[in-house]
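# Residue-level structural notes
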Amino acid sequence: MSQKLKQTVLIGLFVVFSIPVFAQVTGDYRSKATGNWGSASTWQIYNGIAWVNATSYPGQNSNVGTVTIGSGNTVTLNVNITSYTIDKLIIGNESGADDTLSLPNNGDFYVNIMLIAVQSDGVLTWVQNADLHLPSDAIIYNNGGHIDTDKNCNNSQRIYLGTREFSSCKGNGSYEYSFDEIESALPPPTSNGDITECAQNPIQTLTASATPPSGAHVVWYTATSGGSPVSPTLNTVGNVTYYGESVDNSDSSRRSLFRTAVKLTILPRPTISVSSAPTCVFRLFSPTTYQLEVTVSTGTVTSTAGTVTNTSGNVWAITNVPSGTNIVVTVTGANGCTNQLPVTAPNCACPVVNSPSSGGNKSYCLGDAVPSITASVGFGETVDWYDSPSGGTLLLLGNTTYTPSGPGTFYAEARNTTTNCRSGARTAILVTQDTPPTATIGPDQSIFTGGNAIFTVTATNADTYQWQVSTDGGTVFNNISNGAEYAGTQSTALTVKTAGADKNGYRYRVLASKSGSSCPSTASSSALLTVKVRTVITNRKITYRVDM
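Residues numbered from 1 in each chain as written. Predicted model: local features only at pLDDT ≥ 70, side-chain atom pairs only at ≥ 80, totals over all residues. Heavy atoms only, no water.

### Concerning the side chain of Thr 76
Spelled out, the test is: Segments assigned H or I by DSSP are reported as helices when at least four residues long, segments assigned E as strands when at least two residues long, and all are numbered from the N terminus. Each residue gets one of three labels from its accessible area relative to the maximum for its type: buried under 20%, exposed over 50%, partly exposed in between, using a 1.4 Å probe on protein chains only. Note on definitions: a residue-residue contact is assigned when non-hydrogen atoms from the two residues lie within 4.5 Å.
Relative to the assigned elements, Thr 76 resides in strand β6 (residues 74-76). The exposure class of Thr 76 is buried, given its relative accessible area of 18%. Contact partners of Thr 76, with chain neighbours within four places excluded, come to Gly 35, Asn 36, Trp 37, Ser 102 and Pro 104.

Here is the structure:
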């Protein structure tokens, strides 16, 4: 190719083609000086923050993302790179000066470089007859630069893609392209990215896309070479790879030598359905919850509330969901696709439970056993006993009868044994401890026949009295009543009226009691009645009565 024609092609390519932009990432290399590829002093490496001097050459110790030759440097390829892979080699950094990769010697150069792009100020040159061996799936294209040889152009300056005889300087014989044809061909389009989506309902349509060089468009195929143009779409679950080729808008015979692959994938979504409807769970002393069961085609289940457990295979239980809380249950497949199932909370409101009916207040006397109290409830219900009208301490669970340890007010709450729903109010039942009465009788009484004797008693915790008399010296006592012989038989003072000698030696006591008290009457000790007879003394027909 003449120098003038080369310049014309370079200018045209520079104007027509778009320039790829590669942002540096940690581990990328760029040239800093003219020198051999195998010399670390030729290179800088990006450490994630800044470019620093390299301590090894690209491909010596690790895989590399991008290597750029720029700043007017010439890098001589003097090593093979077969242990590691370089994703991109960019020859030219658009600074204006020639940036060159030179193949210096006769022989074979094996390099695992997947893409070589020769930019507008880039030069890929052969100093001697040499073979450049790239991987079978590598791409090499010109983006406005120059692919040439410093000596006579012949078929001993060659590029191999694996075993494929891709290009020689003249392109004669079995070689597919000459260097001039590589120079004049369009760069392949730049992929806008593979597309992977989860299937929608109804199924969506994916379309492959790529950006062609300026002044060109993309034609799609189903293979890396050959075939007929197709529409690059996918609307079924599965995947397909399309290959885009750059085609000049003005000359359809001018195309890219390589096609750009774009993969479209529609992933299947897992299915999810309710296999056991939401049911309320009423727990004693814990908030009401609900639970349900779902069955999925595959994957892992999560929920916005509650506890999720894989019970068996593709069956999952969601438990402990707070009452009244709507949830969304999500299944996530191994491919990352999800499916969601909204669940409306069931009505877990408790039915009305009536308060228990009291079995009555109870009382007992000090020293006696504390009586049991009872409450009655409806069918399927029981009673829980508390020490407070609300809240408080549970005294006894699930029994209609309760025996307290002492006096007080106790509260019965009705509870449904199936749902554990409770009555809105508690029924109060009072247990009272009564104190026994006391009765202290006054002194014995002594009167003359026909006189009145008054016995008294001092009592506590008493408001009811009953006097009794014993005619046998205190063995048997019988009640007495008001009448001709007695007055005050139901008071604290008993009057024995006009006592005759027959009452001499009678003993009297009182039974003291308290109205409404559970304590029995208390009997006082007894007091003795002495009835004396007056003595008559006669002297000289004069009679004297002497009180004895």
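### Structural notes on the state of the cysteines
To be explicit about the condition: Any two cysteine sulfur atoms lying within 2.5 Å of each other are counted as a disulfide.
Applying the stated rule across the entire model yields 5 disulfides. Along the protein chain, the cysteines that take part in disulfide bonds pair up as 1-2, 3-5, 4-6, 7-9, 8-10, counted in sequence order.

### Notes on the sheet that holds strand β35 (residues 373-376)
To keep things clear, this is the line we draw: Only strands joined by at least two bridges in the DSSP assignment are considered to pair.
A sheet is described by the order of its strands in space; here 3 strands give the open sequence β33-β35-β38, paired in antiparallel fashion. The open sheet has two edge strands, β33 (357-358) and β38 (401-402), and neither has a second partner. The pairing of β35 with β38 spans 2 bridges and is antiparallel. For Thr 374, the partnering residue across the bridge sits in β38 and is Thr 401.

### Quick look at the sheet that holds strand β31 (residues 327-332)
Worth spelling out the cut-off: Where helices are involved, their axes are fitted lines through C-alpha atoms of the stretch in contact, as for all axes, and angles between N-to-C directions lie from 0 to 180°.
Within the open sheet, the 3 strands sit side by side as β28-β31-β32. Their pairing is antiparallel. Edge positions in the sheet fall to β28 (300-303) and β32 (338-343), since each of these pairs with one other strand and no more. In this sheet, adjacent strand axes meet at a mean angle of 20° when their direction is disregarded.

### Some remarks on the pairing of strand β30 (residues 315-322)
In the sheet, strand β27 (residues 289-296) pairs with β30 via 6 bridges, with the strands oriented antiparallel. Pairing of Val 294 across the sheet is with Trp 316, part of β30. The sheet contact formed by strand β29 (residues 307-312) and β30 spans 5 bridges and is antiparallel. Each bridged residue has a counterpart across the sheet, and for Thr 307 the counterpart in β30 is Thr 319. Taking the residues that link successive antiparallel strands as the turn, the β29-β30 hairpin has 2 residues, and the phi of Gly 313 there is positive, at about 55°.

### A word on the pattern of salt bridges
Threshold: Put simply, a salt bridge is a Lys or Arg side-chain nitrogen that is within 4 Å of an Asp or Glu carboxyl oxygen.
Counted by the stated rule, this structure contains 9 salt bridges. Among the salt bridges present, the one from Arg 422 reaches Glu 413, with a minimum N-O distance of 3.7 Å. Overall, the relative accessible area of 31% leaves Arg 422 in the partly exposed class. Taking the relative accessible area as the measure of exposure, Glu 413 reaches 7% and is therefore buried.

### Some details on the nonpolar core
Most often, soluble globular proteins have nonpolar side chains that are buried together. Condition: Residues enter a nonpolar core if they are buried and are Ala, Val, Leu, Ile, Met, Phe, Trp, Tyr or Cys, with the set joined through side-chain atoms within 4.5 Å.
Judged by nonpolar contacts, the single largest core of 42 residues is most densely connected at Trp 37 and Leu 134. Top element by residues in this core is strand β7 (residues 81-91). It accounts for 5 residues. Counting 22 residues, the second largest nonpolar core, distinct from the first, contains Phe 455, Tyr 486, Ala 499 and Tyr 506.

### A look at the confidence of the model for the protein chain
Our working rule: The predictor rates its confidence in each residue with pLDDT, a number between 0 and 100.
Averaged over every residue, the pLDDT of the protein chain is 92; the share at 70 or more is 94%. Low confidence marks residues 1-21, where pLDDT is under 50. Its contacts with residues over four positions away, or in another chain, come to 38 contacts.

### Brief notes about the packing of aromatic side chains
Inclusion rule: Aromatic pairing here means that ring centres of Phe, Tyr or Trp (its six-membered ring) are within 6.5 Å. Orientation follows from the plane angle: under 30 degrees is stacked, over 60 is edge-to-face, and everything else is tilted. Whether a charge sits over a ring depends on NZ of Lys or CZ of Arg being within 6 Å of the ring centre and within 35 degrees of the ring normal.
Applying the stated criterion across every chain, the model contains 11 aromatic pairs. Taken together, a centroid distance of 5.1 Å and an interplanar angle of 65° make the contact between Trp 37 and Trp 43 edge-to-face. Overall, the relative accessible area of 0% leaves Trp 37 in the buried class. In this structure, Lys 532 packs its charged tip against the face of Phe 448, placed 4.6 Å from the ring centre. Above the face of the Phe 448 ring, Arg 534 is positioned so that its terminal group lies 4.9 Å from the ring centre.

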